[in-house]
Amino acid sequence: MEKKDSLMGKALSLIPYLLRYKWHYMAGVVILLLVDVANLYIPQFIGEVIDGLSDGVLDQGGVNVLLAKLFAAGAVMMLGRFGWRFCIFGAARGIEYRLRNDMFGHLETLSARYFNSHKTGDLMARFTNDLNAIRMAVGPAVVTAFDAVVMTVMVLLRMVAYVDFRLTAMAFVPLTLVAVGCYFYGIEAKKRQTRRQEAFSRLSDKVQESIAGVRVLKAFVQEEEDFKAFEEASRNSMEKNLSMVKLRAVFGPALDAVTGISLLVTLVFGGKMVLDGQVSIGKFVAFNSYIGMLVWPMIACGDCINNFSQAAAAFQRISAVFREKPDIVDKFPEAPGDGDTPGPDMQDVHIKGDLTLNNLTFTYPDGEEPVLKNVSLHVKAGEMLGVLGRTGSGKSSLADLLLRVYDCAEGSLLVDGRPITEFPLAVLHRDMAYVPQDNFLFSDTLEENIAFGLEARLRDHPELRASIKRAAKAACIHDNIMGFPEEYRTLVGERGVTLSGGQKQRSSIARALLMDASVLILDDSLSAVDTDTEEQILENLMELRKGKTTIIIAHRISTLQKADHVAVLTEGELTEYGTHEELLEKKGFYAHIYEKQQLEQELTEF
């Protein structure tokens with residue numbers, strides 16, 4: 001919990017990230033200051049050459065000295081620009097790296113509810129576009145802001161000291177309009193940047209969803225309709241981007257106009273002062289160079305405001321992720337007499353597999369009606385429980401509660417006689433293997449997918465490959481794998497798209513069997529295999545899972561009839577419970593489904 005809280009604290013402020021790289025920033029700022037000072041003397045050296053040559057007081061030796069100074073200033077600028085880029089841009093990349101890692105780590109702690117209500121494309125936009133905006137703010141924008149302020153102050157001071165105060169004041173008066181313009185530009189830019197980034201999130205989500213569902217789109221010939229939806233999202237993103245571009249298109253020329261006015265003032269009044277002999281030609285040329293140097297800070301103002309506005313909008317979106325707290329957290333028993341001290345180390349505890357449901361009632365966090373109502377049953381360690389019910393009867397919800405994807409009322413779900421909340425999540429997930437309805441395979445080899453559930457230390461075990469083959473044989477997928485060109489090294493596509501539904505199911509079963517967990521939950525995991533393969537897998541399970549608890553959720557009676565007990569759920573209520581033979585004698589829902597499926601099988605065979 002301490003780590004999660006610290007990450008959340010960091011997310012609400014960038015200061016801890018900036019402090020981590022404080023020496024990088026300090027070194028970068030010092031080097032940047034040296035570059036600005038070197039840049040500041042170049043117009044002066046040029047002016048001294050012009051005045052010296054025009055007045056005839058400068059010989060070749062003097063020219064060589066001034067050229068050497070120019071070369072030295074140029075060398076300082078060249079090396080310095082590399083130095084501050086290395087320090088400040090490197091720090092910005094480091095902050096982006098650590099912020100991305102912390103954000104991903106925090107996402108992994110969040111519960112299912114968060115991911116049910118937030119789309120993948122939107123989260124991807126926060127990891128890419130929004131984090132990039134923050135990097136630009138803590139890197140290039142920091143340089144730009146510092147450089148703009150320092151250069152403006154130093155150039156103005158140099159103009160006063162080297163040329164003339166009156167001419168400097170007249171040239172700078174129009175530049176004060178920039179401060180007013182920047183204030184209003186910043187307010188409007190932040191609004192437009194927020195809308196721009198939200199539009200990008202919607203576009204990213206649309207692209208991700210369309211690519212993931214391309215098979216469905218093609219099967220239902222919806223390419224044209226999907227393209228129209230994409231076009232609308234793309235147009236919205238374009239309009240929000242153009243809105244920002246239009247604002248910058250107004251602000252940029254306005255800055256140029258102010259700079260032009262300053263140059264005009266310089267030419268009119270400065271030219272008159274040169275004619276009156278109040279300012280030398282060399283100083284006048286240097287002054288105009290200084291005015292030109294002020295153009296960069298003026299342009300930088302717009303870029304800074306744009307970057308900081310974009311980063312502010314992005315930071316709000318990223319902070320919203322960190323402000324989310326997980327619904328499911330570890331709750332350890334308190335040590336006697338000390339409410340702040342956690343109980344004994346539960347990591348050494350192993351679940352035996354005794355499961356008890358006491359009047360279990362559960363409603364989803366965003367739901368109104370309970371999906372499970374007063375369900376009570378007891379599964380002894382080593383037993384196999386079958387769960388049957390129509391779609392929406394609460395079967396998968398029961399599996400979610402056993403895995404603590406969601407929490408139920410205190411005391412209504414016991415594991416080995418203790419409330420499930422007393423077990424650390426790491427222990428539950430270690431000792432409970434799960435095969436979901438939606439079998440997910442990663443874009444990796446079949447071997448890596450099957451070994452996915454193992455801890456790192458076990459995955460490096462020399463006998464792992466033999467264990468993978470045993471699990472694959474038990475799941476009846478070994479022969480299929482051996483028929484692939486690369487066998488167990490065969491790469492599967494995204495989400496296992498290159499495999500059939502039955503092959504994905506059996507690969508997921510092999511993954512769960514390899515864990516050799518105390519409790520195995522199969523959530524309708526044999527629906528895509530034929531009856532002969534199903535029977536073989538069940539026989540293997542009976543053999544391999546002796547002494548271990550197994551829960552099989554299914555729609556086919558053939559999958560459940562070998563279970564020690566079968567629970568029938570109807571609209572969230574436990575309506576029937578018993579062995580296969582006992583339920584047939586009751587002539588209820590179970591017997592009705594059995595007779596119906598028997599008739600279907602006879603008709604198929606006929």
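Residues numbered from 1 in each chain as written. Predicted model: local features only at pLDDT ≥ 70, side-chain atom pairs only at ≥ 80, totals over all residues. Heavy atoms only, no water.

**Q** Please set out the packing of aromatic side chains residue by residue, giving values where relevant.
**A** Per the counting criterion, the structure on display carries seven aromatic pairs. Ring geometry for F82 versus F86: centroids 6.3 Å apart, planes at 25 degrees, classification stacked. With a gap of four residues between them, F82 and F86 both fall in helix α4 (residues 60–109), about one helical turn apart. The exposure classification of F82 matches that of F86, with both residues exposed. By the ring-pair criterion, three or more aromatic residues cluster together here, those being F362, Y364 and Y406. One residue, R418, lies across the ring of F423, its end atom 5.8 Å from the ring centre. (Phe/Tyr/Trp six-rings, centres within 6.5 Å; stacked < 30°, edge-to-face > 60°. Helix = DSSP H or I, 4+ residues; strand = E, 2+ residues; numbered from the N terminus. Buried < 20%, exposed > 50% of the residue type's maximum accessible area, 1.4 Å probe, protein only. Lys NZ or Arg CZ within 6 Å of the ring centre and 35° of its normal.)

**Q** Lay out the sheet that holds strand β8 (residues 432–435) with the relevant residues and their values.
**A** Taking strand neighbours across the sheet as the criterion, the six strands line up as β8-β9-β10-β5-β11-β12 in an open arrangement whose pairing is mixed. Each end of this open sheet is capped by a strand with a single partner; those strands are β8 and β12 (573–578). Taken over all neighbouring pairs, the strand axes of this sheet differ in orientation by 15 degrees on average, direction set aside. One ladder, built from four bridges, connects β8 with strand β9 (residues 519–523); its direction is parallel. Bridge pairing in β9 links M432 to V519. (Pairing = 2+ DSSP bridges. Axes fitted to C-alpha atoms, helices over the stretch in contact; angles between N-to-C directions.)

**Q** Just give me the short version of the sheet that holds strand β4 (residues 372–379), but keep the residues and values in it.
**A** If you walk across this open sheet you meet the four strands as β4-β3-β6-β7, and the pairing is antiparallel. With partners counted over all chains shown, the strands left at the sheet margins are β4 and β7 (418–419), one partner each. Relative to β7, strand β6 (residues 413–415) runs antiparallel, the two sharing two bridges. Along β7, the bridge assignment pairs V415 with R418. Along the sheet face, helix α13 (residues 395–402) touches β3 (355–362), β4 and β6 and points at about 120 degrees away from the line of β3. (Contact = heavy atoms within 4.5 Å.)

**Q** So what's going on with the packing of α4 against helix α6 (residues 120–138)? Which residues, and what values?
**A** Across the interface, α4 lies against α6 with an axial gap of 9 Å and an inter-helix angle of 150 degrees. Between α4 and α6, the angle falls in the class roughly antiparallel. By crossing handedness, the relation of α4 to α6 is classed as right-handed. Contacts between α4 and α6 involve I88, A92, R93, I95, E96, L99, R100, M103, F104 and L107 from the first element and L123, R126, F127, L131, N132, I134, R135 and V138 from the second. Of the residues contributing to the contact of α4 with α6, the split by class is 12 nonpolar, one polar and five charged. (Parallel < 35°, antiparallel > 145°, perpendicular 65-115°, else oblique. Left-handed = near helix turned anticlockwise from the far one by under 90°. Nonpolar A, V, L, I, M, F, W, Y, C, P; charged D, E, K, R; others polar.)

**Q** Summarise the pattern of salt bridges; cite the residues concerned and give the values.
**A** A complete count under the given rule lists 12 salt bridges for this structure. The shortest N-O distance in the salt bridge between R100 and E96 comes to 3.2 Å. Taken together, the residues span about one helical turn, with R100 and E96 both in helix α4 at a distance of four residues. Judged by its relative accessible area of 10%, E96 falls in the buried class. Across the pair D431 and R430 runs a salt bridge, and its minimum N-O distance is 2.9 Å. Overall, the relative accessible area of 23% leaves R430 in the partly exposed class. Salt bridges linked by common partners bring R93, E96, R100 and R135 together as one network. (Salt bridge = Lys/Arg side-chain N within 4 Å of Asp/Glu carboxyl O.)

**Q** Explain unusual backbone geometry residue by residue, including any values.
**A** Excluding glycine, a negative phi dihedral is what most residues carry, and trans is how most peptide bonds are arranged. Unusually for a residue other than glycine, N374 sits at a positive phi of about 50 degrees. In this structure, N374 sits in strand β4. In this model, D516 sits at a positive phi of 50 degrees, which is unusual for a non-glycine residue.

**Q** Please give an account of the packing of helix α17 (residues 464–474) against helix α19 (residues 501–515) that cites residues and values.
**A** Between α17 and α19, the least distance of the axes is 8 Å, while the angle of their chain directions is 125 degrees. Between α17 and α19, the angle is such that the two are oblique. Considering only the axes of α17 and α19, their crossing is right-handed. Judged by residue contacts, L464, S467, I468, A471, A472 and A474 of α17 engage A510, L513 and L514 from α19.

**Q** Explain the nonpolar core to me, using residue names and the numbers behind them.
**A** With 45 residues, the main nonpolar core has I450, I481, L514 and L520 as its most contacted residues. Apart from the residues within four sequence positions on either side, L514 is in contact with I450, A451, L454, L464, S467, I468 and A471. Counting 33 residues, the second-largest nonpolar core is a separate cluster that includes L355, L428, I553 and L569. (Core = buried A, V, L, I, M, F, W, Y, C linked by side-chain atoms within 4.5 Å.)

**Q** Now, about the side chain of S507: what can you tell me, with residues and values included?
**A** In this structure, S507 sits in helix α19. Given the relative accessible area of 2%, S507 is considered buried. Non-local contacts of S507, meaning those with residues more than four positions away in its chain, are made with L441, L446, I450, I477 and L499.

**Q** Residues and numbers for the side chain of E383, please.
**A** As for its position among the elements, E383 is in the loop between β4 and β5 (384–389). Among buried Asp, Glu, Lys and Arg side chains, E383 stands out as unpaired, with K380 the closest opposite charge at 5.1 Å. What E383 contacts, discounting residues up to four positions off in sequence, is H378, K548, T549, T550, D564 and H565. (Lys, Arg positive; Asp, Glu negative; His and termini not counted.)

**Q** Account for the pairing of strand β11 (residues 565–570), with residues named and values stated.
**A** Pairing of β5 with β11 involves five bridges; the strand directions are parallel. Following the sheet pairing, G389 is matched in β11 by L569. In terms of strand pairing, β11 meets β12 through five bridges, oriented antiparallel. Each residue of the ladder has a partner; that of T570, found in β12, is E573.

**Q** Report on a nonpolar patch on the surface, specifying residues and quantitative values.
**A** A cluster of nonpolar side chains, contributed by V207, I211, F227 and F230, occupies part of the molecular surface with about 360 Å² of accessible area. Elements with a minimum of two residues in the nonpolar patch: α9 (176–212) and α11 (223–275). Structurally, the position occupied by V207 is in helix α9. (Patch = residues over 30% accessible without salt bridge, like charges linked within 9 Å, V, L, I, M, F, W, Y side chains within 5 Å. Areas by Shrake-Rupley, 256 points an atom, 1.4 Å probe, with all protein chains shown as cover.)

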